[in-house]
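Inside the fold
For reference, the chains in residue letters:
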Amino acid sequence: MRIGVGLYTPEGSYTYNASELITGCCTIKATYALYVIREAVENDIDIYTEKLTYQSWHYNSGSGNIKNQAVGTQYTIYELLQKLITISDNTAYNILLSKFTLEDFYAYNRSIGGQSDGCRYGYASVEQRYAEWSKIIEYIQSDSKYADVLYKILDDAQYGYIEQGMVNQHKVLHKSGWCSGSYTGAGDVAFIDDQYLLIVMTDDRKTRTPRTDV
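Attention here is on the structure that accompanies the text. (Residues numbered from 1 in each chain as written. Predicted model: local features only at pLDDT ≥ 70, side-chain atom pairs only at ≥ 80, totals over all residues. Heavy atoms only, no water.)

As for its position among the elements, aspartate 188 is in strand β8 (residues 185-192). Here aspartate 188 is buried and forms no salt bridge, its nearest opposite-charge partner lysine 175 lying at an N-O distance of 7.3 Å. Among the polar contacts made by the side chain of aspartate 188, one reaches the main-chain amide nitrogen of isoleucine 162 at a distance of 3.0 Å. Among all residues touching aspartate 188, those that are not within four sequence positions of it are Thr27, Tyr159, Gly160, Tyr161, Ile162, His174, Lys175, Ser176, Leu198, Ile199 and Val200. (Helix = DSSP H or I, 4+ residues; strand = E, 2+ residues; numbered from the N terminus. Buried < 20%, exposed > 50% of the residue type's maximum accessible area, 1.4 Å probe, protein only. Lys, Arg positive; Asp, Glu negative; His and termini not counted. Salt bridge = Lys/Arg side-chain N within 4 Å of Asp/Glu carboxyl O. Polar contact = N/O pair within 3.5 Å; in protein donor to acceptor, adjacent residues only side chain to side chain. Contact = heavy atoms within 4.5 Å.)

Given below as structure tokens:
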């Protein structure tokens, strides 16, 4: 059982096993959403009007609901980003990747010290997730275009494993991820009350089940 933890506060930080690469699952999608928004701004792309088409090769049997829609259905970039984060739609991820490529995304992600393995999901350390979320937080707290969109979809994200373990109510923006089988893991990154960043990543190699209980 591998666990990585990072708690970053205005008063200081606490980390445990923060440099080891652990299964990242869908936690990578938060940073990918940031990248897409940055590209849209830089290239003058209107995320509310520009549409991408669901093709058969975009299909992913995992989380999400676009997989159940007709091939040929068009979605705005905003709709795809919303589904990518709020319900962790894997098919939305594939559709976005047809325009905002994995290669280009990783060129950006490596430049900020984030996950660097070039995988759709892959492995990351707590330190890498911290580097990524530092940029996410910087963006959502700025007056940059679509900063409000990124804030809202992270606020609306479901499957909040960290939030589910809290006793009291807090403002939580997050992106979790889990997967079972040969690629197993469960993790969550939560930005709490607009000031605390908590990262928990796990990989149970014995049972090969996602340990959201952690």
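Quick look at the layout of surface pockets now. Put simply, the largest pocket is a space of about 260 Å³. What lines the largest pocket is a set of 16 residues, among which Cys26, Ser63, Asn90, Trp178 and Cys179 lie closest to the centre. Its residues assigned to classes, the lining of the largest pocket comprises nine nonpolar, six polar and one charged. (1 Å grid on protein atoms, 1.4 Å probe; cavity = no way out; pocket = protein on both sides within 12 Å on 5 of 7 lines; lining within 4 Å. Points joined across faces, edges and corners; volume = space filled by probe spheres on them. Nonpolar A, V, L, I, M, F, W, Y, C, P; charged D, E, K, R; others polar.)

What follows deals with the side chain of threonine 23. Tracing the backbone through its elements, the reader meets threonine 23 in strand β3 (residues 22-23). Since its relative accessible area comes to 2%, threonine 23 is described here as buried. Engagement of the side chain of threonine 23 in a polar contact is seen with the side chain of aspartate 203, the distance being 3.1 Å. Apart from the residues lying within four places of it in its own chain, the contact partners of threonine 23 are Arg2, Gly122, Tyr123, Tyr183, Thr184, Gly185, Met201, Thr202 and Asp203.

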